[in-house]
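Residue-level structural notes
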Amino acid sequence: MLLEHSPVVVGVDGTTASLGAVRWAADEAARHDRLLRVIHALTWEGPTDGQGVALNAAAEARAWQPGIAVETMTLGGAPARILREQSRTATLVVIGGRVHEGGQFDASISAHLAAFAHCPVLVVNNGWRWADPITALPGHAPVVVGVDGSPSSQRALAYGYGEASSRHVPLVALHAGRARPHEAVAAELEPWLRRHPEVETHFDSRDAGVLETLTEAARNALMLIVGAHRVGWYEQPRPNPVTQLVVRHAASPVLVTRSV
């Protein structure tokens with residue numbers, strides 16, 4: 001269940017990839033009527049005008065989604081730690097993935113947040129594509145949700161239906177591998193179909209491995225949604241190693257859901 005009145009948080013570092021993440025975050029804030037909180041982490045190796053980085057990103061967010069409420073924060077410390085702490089009161093944390101411009105948010109930070117954040121995390125891979133205001137965000141591609149019948153995939157479906165319904169796009173429930181019969185996983189979709197008749201839903205299954213299947217599907221997805229799996233009974237839910245690889249290598253934005 002999402003926290004009422006909690007903001008969408010986006011981390012920025014001045015790169016075009018992080019501006020692409022800001023655009024996705026602004027879109028999420030606008031569709032769900034949330035405050036957008038733009039955060040820049042001040043580090044010794046970052047830009048000297050840290051406040052300017054956050055303010056410029058906020059201006060871009062308002063240009064893309066006029067009317068949304070935006071606030072900025074510039075905090076000293078490691079980006080992973082700052083965004084993890086911000087996730088305690090956020091409905092969603094958005095971050096650019098696979099930065100190659102000397103920015104703060106390398107793959108290790110997005111992997112850390114996907115594993116340890118306290119709320120869902122959206123990693124906007126290839127974020128530079130969405131920094132150009134002329135380029136439209138994908139409008140008709142499906143939301144793809146990785147399913148396996150586990151509680152974490154049920155949470156992913158819940159989030160996926162929310163995204164698909166608010167965006168008026170289809171949802172594809174995708175099952176990979178042979179750990180469970182495809183038919184059994186497909187049958188577990190029936191309650192979701194009755195609950196969300198407004199969403200065009202398709203079930204797809206592949207015998208190939210999870211990583212191969214999900215990264216292939218991400219090529220034509222609006223976003224890919226996966227759940228955080230519990231590694232041990234005593235631990236917080238966190239993505240397994242395959243999920244971490246999906247976050248890093250998928251072409252589309254990847255949203256990792258969590259219980260909040």
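So, here is what we can say about the structure in this document.

1. Concerning the overall build of the protein chain
The secondary structure content of the protein chain amounts to 9 helices and 12 strands. Burial status across the protein chain gives 51% buried among its 260 residues. Nonlocal contacts in the protein chain, meaning residues at least 24 apart in sequence, comprise 79% of its contacts between residues at least 6 apart. Carbon and sulfur atoms provide 54% of the accessible area of the protein chain, an area that totals close to 11700 Å².

2. A word on the pattern of salt bridges
Scanning the entire structure with this criterion turns up 12 salt bridges. Here Glu85 ties to Arg88 by a salt bridge, and the two come within 3.1 Å at their closest N and O atoms. For Asp204, the salt bridge goes to Arg206, with nearest N and O atoms at 2.7 Å. Via salt bridges that share partners, Asp27, Glu28, Arg31, Glu163 and Arg167 belong to a single interconnected network.

3. Some remarks on the nonpolar core
Inside soluble globular proteins, nonpolar side chains tend to come together where they are buried. One finds Leu36, Val38, Val94 and Leu157 to be the most contacted residues of the largest nonpolar core, which totals 43 residues. Leave out the neighbours within four places in its chain, and Leu157 touches Val145, Val147, Leu171, Ala173, Leu189 and Trp192. The next biggest cluster of nonpolar side chains, apart from the first, holds 31 residues, and it includes Ile39, Ile82, Leu113 and Ala221.

4. As for the packing of helix H1 (residues 16–31) against helix H5 (residues 151–167)
Between H1 and H5, the least distance of the axes is 11 Å, while the angle of their chain directions is 80°. One finds that H1 runs roughly perpendicular with respect to H5. Where H1 abuts H5, its residues Trp24, Asp27, Glu28 and Arg31 lie against Glu163, Ser166 and Arg167.

5. Observations concerning H1
Since the α-helix advances by 3.6 residues per turn, residues separated by three or four positions end up pointing in the same direction. Helix length check: H1, at 16 residues, gives a terminal C-alpha distance of 23 Å against a target of 22 Å (1.5 Å per residue), a fit within 8%. Burial runs high along H1: 12 of the 16 residues are buried. Along H1, the positions that sit buried rather than exposed are Ala17, Ser18, Gly20, Ala21, Val22, Arg23, Trp24, Ala25, Ala26, Asp27, Glu28 and Ala29. At the exit of H1 stands Asp33, carrying a positive phi of roughly 55°.

6. Points about unusual backbone geometry
Trans peptide bonds make up the majority, and among non-glycine residues the majority have a negative phi. Phi is positive for Asp33, which is not a glycine, with a value near 55°. Among the secondary structure elements, Asp33 is positioned in the loop between H1 and strand S2 (36–42). The phi angle at Asn126 is positive, at roughly 55°, despite the residue not being glycine. With respect to the helices and strands, the residue Asn126 is situated in the loop between strand S5 (121–125) and strand S6 (143–146).

7. Topic: the packing of aromatic side chains
Applying the stated criterion across every chain yields a total of 2 aromatic pairs. A centroid spacing of 6.2 Å and a plane angle of 70° characterise the contact between Trp24 and Trp130, whose relative ring orientation is edge-to-face. Taken as a pair, Trp24 in helix H1 and Trp130 in the loop between S5 and S6 lie far apart in primary sequence, 106 residues in all. Exposure class is identical for Trp24 and Trp130. Each is buried. Measuring from centroid to centroid gives 5.7 Å for Tyr161 and Trp192, while their planes differ by 5°, and the two rings are stacked. Placement of the pair is Tyr161 in helix H5 and Trp192 in helix H7 (residues 190–195), with a sequence separation of 31 residues. Of the two residues examined, Tyr161 and Trp192, each falls in the buried class. Looking at Arg195, its charged tip hangs above the ring of Trp192, at a distance of 4.5 Å from the centre.

Thresholds, definitions, all that
By convention here, each chain's residues receive numbers from 1 onward along its written sequence. Predicted model: local features are reported for residues with pLDDT of at least 70 only, side-chain atom pairs are reported and counted for 80 or more only, and whole-chain, interface and lining totals are derived from all residues. Side-chain metrics rest on all non-hydrogen atoms present in the structure, leaving aside hydrogens and water. Only runs of H or I of at least four residues qualify as helices and only runs of E of at least two qualify as strands under DSSP, and these elements are numbered from the N terminus. Residue burial is assigned from relative accessible area. The probe radius is 1.4 Å, only protein chains are included, and a residue is buried under 20% of its type maximum, exposed over 50%, and partly exposed in between. Residue contacts are counted whenever heavy atoms from the two residues lie within 4.5 Å of one another. In these tables, accessible area is a Shrake-Rupley quantity obtained with a 1.4 Å probe, and a residue counts as shielded only by the protein chains included in the view. In the sections that follow, a salt bridge refers to a side-chain nitrogen of Lys or Arg positioned within 4 Å of a carboxyl oxygen of Asp or Glu. By nonpolar core we mean a set of buried residues, namely Ala, Val, Leu, Ile, Met, Phe, Trp, Tyr and Cys, connected to one another through side-chain atoms within 4.5 Å. Axis angles are defined between N-to-C directions and span 0 to 180 degrees, where every axis is a line fitted to C-alpha atoms and, for a helix, only to the segment in contact. Should an angle lie under 35 degrees it is considered roughly parallel, over 145 roughly antiparallel, and from 65 to 115 roughly perpendicular; all remaining angles are considered oblique. How far a helix is expected to stretch is found by multiplying one less than its residue total by 1.5 Å. Pairing of aromatic side chains requires ring centres within 6.5 Å, counting the rings of Phe and Tyr and the six-membered ring of Trp. Pairs whose planes differ by under 30 degrees are stacked, by over 60 edge-to-face, and all others tilted. Here, a charge over a ring means that NZ of Lys or CZ of Arg falls within 6 Å of the ring centre while also lying within 35 degrees of the ring normal.

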